[in-house]
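One letter stands for each residue in the lines below.
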Amino acid sequence: MANDEKHLRKELGVLSVTAITAGIVIGAGVFVITGIAAKSAGALTWLSYAIGAIPVILVGLSTIMLNLMYPVEGGESYVYPTRVVSNYAGFLSGWAMWLALIGPVAITAKAFIMYVNALPGLETKLNILVGGVIVTIVFFIINWLGIKTVKVIQNILFLFMVAGLLIFIILGLPQMNSEYIAMGTPMGFSGVLKGASLLIFAYAGLTLAADLGEEAKDPARTITWGVTLGILVPAILYIVSAFVCTAVIPWKEFAASNAPYATVASKYMGAFGVTFIILVAWAAILSSHNAEQTVGTRILFGTSRDKILPKAFTALNKYGVPGNSLILTAAIAVFLIISGSIQLVAEIVVAMFLYNWIITHVAVLMAPKTQSDLFKKAPMKLSGWKAIVPVAGIIISIYFLILQGPKALIYSAIWLAIGSLFYFTGYRSKKEEVDKLIAEWPRDRYLA
């Protein structure tokens, strides 16, 4: 395996990891889900964003600690849970996170077409389902061509998106109306919390930098900064932009729009402003879609390295990309585009992320016992009084998991049940081999 074509390529620096991490979340989350959350949180949607950031910051700290122990591809989603917690819980974590990335691929594909249809003067509206499938296929091709291609496109989209949102915020500040700010929330503080539970979708993915551990240069430094900046940049943009939006127009008008940020822009930027914010939304949504295909593929790749799933998913194409994993990830996304509603898919995705976050916090608490040698060498330790971080993270994540509602939880349970079937079937058929593989850390392991 000395041939570079059969190895993951170390191409990612701090900007690229931040662009992929933050790019995953600053997409459909802010430009579509914010409007849905406003139906519950009203003019206090910005507060929902602030509350929603709390569990993300906590899991970010836990993820950084685990990454500093051992940077590895698929680390946060699968490798840390299996090596530190248990084989079964870890497999379900990776299985859950795979769906948690496929869902947003479908949502962002639809959201992009929704914002295309919001262009001023567009007489013929595009079919959202057909357009979403085409978007997915285009970015499938980009991802097939390798992480270097993904990196270049992602950096461009990310920088344009951040600059555009800053312009939108700055120009909107003088247009704010104190009466709209004082309109409050239709459901009281419970509405703010419900909004926060949904807006976790807009943050979901910020810890996934740790799933790129073998494609990052100097991974200890790069992943740590990628997670940190990947949390701070979106949180600031979300909170401030949501405050501006519900202060420029009444929250009911904002919540009723299919393209809420374009509706706000039309109030103080005119037709040009609407086109401008739509272009920013395109960059945000496409950067999110691109990164989700990238990381979702790596999660399936990492989950397959222990041979519980078919080893075909670890096969790399000539560009160093897990090709079969990418094909299946894109195929399931197309199915969700055709069959799922945005809000339900978003709630299921959040449930999957929260399950993974709970397992991540548990891994931090168990690491001193189950991986004592690696834990001792880690430069950052969440032990002693610092264990309040994972403990609080577990409690808060369970609370927000309950808030997703029975329908989302039932669908999530079905997905985990399917994963359990794959686990027990794959594990029992080659138990000794799987146990041996899981007893090792899989960095630089290529099975096909």
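For helix α4 (residues 75-85), a buried count of 11 out of 11 residues is recorded, marking the element as mostly surrounded by other parts of the structure. Taken as a whole, α4 has its buried residues at G75, E76, S77, Y78, V79, Y80, P81, T82, R83, V84 and V85. Structurally, α4 contributes buried residues whose contacts are with α3 (45-69), α5 (87-116), α13 (270-304), α15 (342-370) and α19 (431-438).

Ranked by size, the top nonpolar core spans 147 residues in total, and within it I26, F31, Y115, F168, Y261 and I277 carry the most contacts. Top contributing element to this core by residue count: α5, with 21 residues. Setting aside residues no more than four positions away along its own chain, I277 makes contact with F31, F168, Y261, A262 and A265.

Moving on, we get to the packing of aromatic side chains. Scanning the entire structure with this criterion turns up 22 aromatic pairs. Ring centres of Y88 and Y423 lie 5.3 Å apart, and the angle between their planes is 50 degrees; this geometry places the pair in the tilted category. Taken as a pair, Y88 in helix α5 and Y423 in helix α18 (residues 406-429) lie far apart in primary sequence, 335 residues in all. Y88 gets classed as partly exposed once you look at its relative accessible area, which sits at 31%. Residue Y423 is classed as buried on the basis of its relative accessible area of 4%. In this structure an aromatic cluster arises from ring pairing among Y88, F91, W95, W98, W415, F422, Y423, F424 and Y427.

This part is about a nonpolar patch on the surface. Nonpolar side chains collect at one region of the surface, where L365, W385, I388, V391 and I395 lie side by side and expose about 550 Å² of accessible area between them. The element contributing the most residues to the nonpolar patch is helix α17 (residues 388-402), with three residues. Counting through the fold element by element, I395 comes out in helix α17.

Bringing the packing of α4 against α15 into the picture now. Relative placement of two packed helices is described by the angle separating their axes and the distance separating the axes. Contact geometry for α4 and α15: axes closest at 8 Å, N-to-C directions at 40 degrees. By the angle class used here, α4 and α15 are oblique. Handedness of the crossing formed by α4 with α15: left-handed. For the pair α4 and α15, contact is made by E76, S77, P81, V84 and V85 and by N356, W357, I359, T360, V362, A363, M366, A367 and T370, respectively. Across the contact of α4 with α15, the residue classes tally to nine nonpolar, four polar and one charged.

A word on the confidence of the model for the protein chain. When the pLDDT values of the protein chain are averaged, the result is 84; 91% of them are 70 or greater. Low pLDDT (under 50) marks residues 1-5, which in the prediction has 10 contacts with non-local residues, meaning those over four places away or in another chain.

It is worth spelling out the pattern of salt bridges at this point. For the structure on display, the rule yields four salt bridges. In this structure, E433 engages K307 in a salt bridge whose closest nitrogen and oxygen atoms are separated by 2.5 Å. Of this pair, E433 sits in helix α19 while K307 is found in the loop between α13 and α14 (323-339), placing the two residues 126 residues apart along the sequence. In this structure, D435 engages K431 in a salt bridge whose closest nitrogen and oxygen atoms are separated by 3.1 Å. With D435 and K431 both in helix α19, this residue pair falls four residues apart, about one helical turn. The partly exposed category is assigned to K431, whose relative accessible area is 45%.

Turning next to the environment of I128. If you trace the backbone, I128 turns up in helix α6 (residues 128-144). Exposure remark for I128: the relative accessible area of 31% places this residue in the partly exposed category. Beyond its immediate sequence surroundings of up to four residues, I128 is in contact with K110, I113, M114 and N117.

So, on to the side chain of S325. Position of S325 relative to the elements: it lies in helix α14. With residues up to four places along the chain from it excluded, the contact list for S325 reads T297, L300, F301 and F313.

Below, the discussion takes up the environment of A220. Within the fold, A220 resides in helix α10 (residues 219-248). Overall, the relative accessible area of 31% leaves A220 in the partly exposed class. Taking the C-alpha atoms as reference points, A220 and A330, 110 residues apart in sequence, are found 30 Å from one another. A220 has contacts with N67, L68 and P71, leaving out every residue within four places of it along the chain.

What counts, and at which threshold
Residues numbered from 1 in each chain as written. Predicted model: local features only at pLDDT ≥ 70, side-chain atom pairs only at ≥ 80, totals over all residues. Heavy atoms only, no water. Buried < 20%, exposed > 50% of the residue type's maximum accessible area, 1.4 Å probe, protein only. Helix = DSSP H or I, 4+ residues; strand = E, 2+ residues; numbered from the N terminus. Contact = heavy atoms within 4.5 Å. Core = buried A, V, L, I, M, F, W, Y, C linked by side-chain atoms within 4.5 Å. Phe/Tyr/Trp six-rings, centres within 6.5 Å; stacked < 30°, edge-to-face > 60°. Patch = residues over 30% accessible without salt bridge, like charges linked within 9 Å, V, L, I, M, F, W, Y side chains within 5 Å. Areas by Shrake-Rupley, 256 points an atom, 1.4 Å probe, with all protein chains shown as cover. Salt bridge = Lys/Arg side-chain N within 4 Å of Asp/Glu carboxyl O. Axes fitted to C-alpha atoms, helices over the stretch in contact; angles between N-to-C directions. Parallel < 35°, antiparallel > 145°, perpendicular 65-115°, else oblique. Left-handed = near helix turned anticlockwise from the far one by under 90°. Nonpolar A, V, L, I, M, F, W, Y, C, P; charged D, E, K, R; others polar. pLDDT = per-residue confidence, 0-100.

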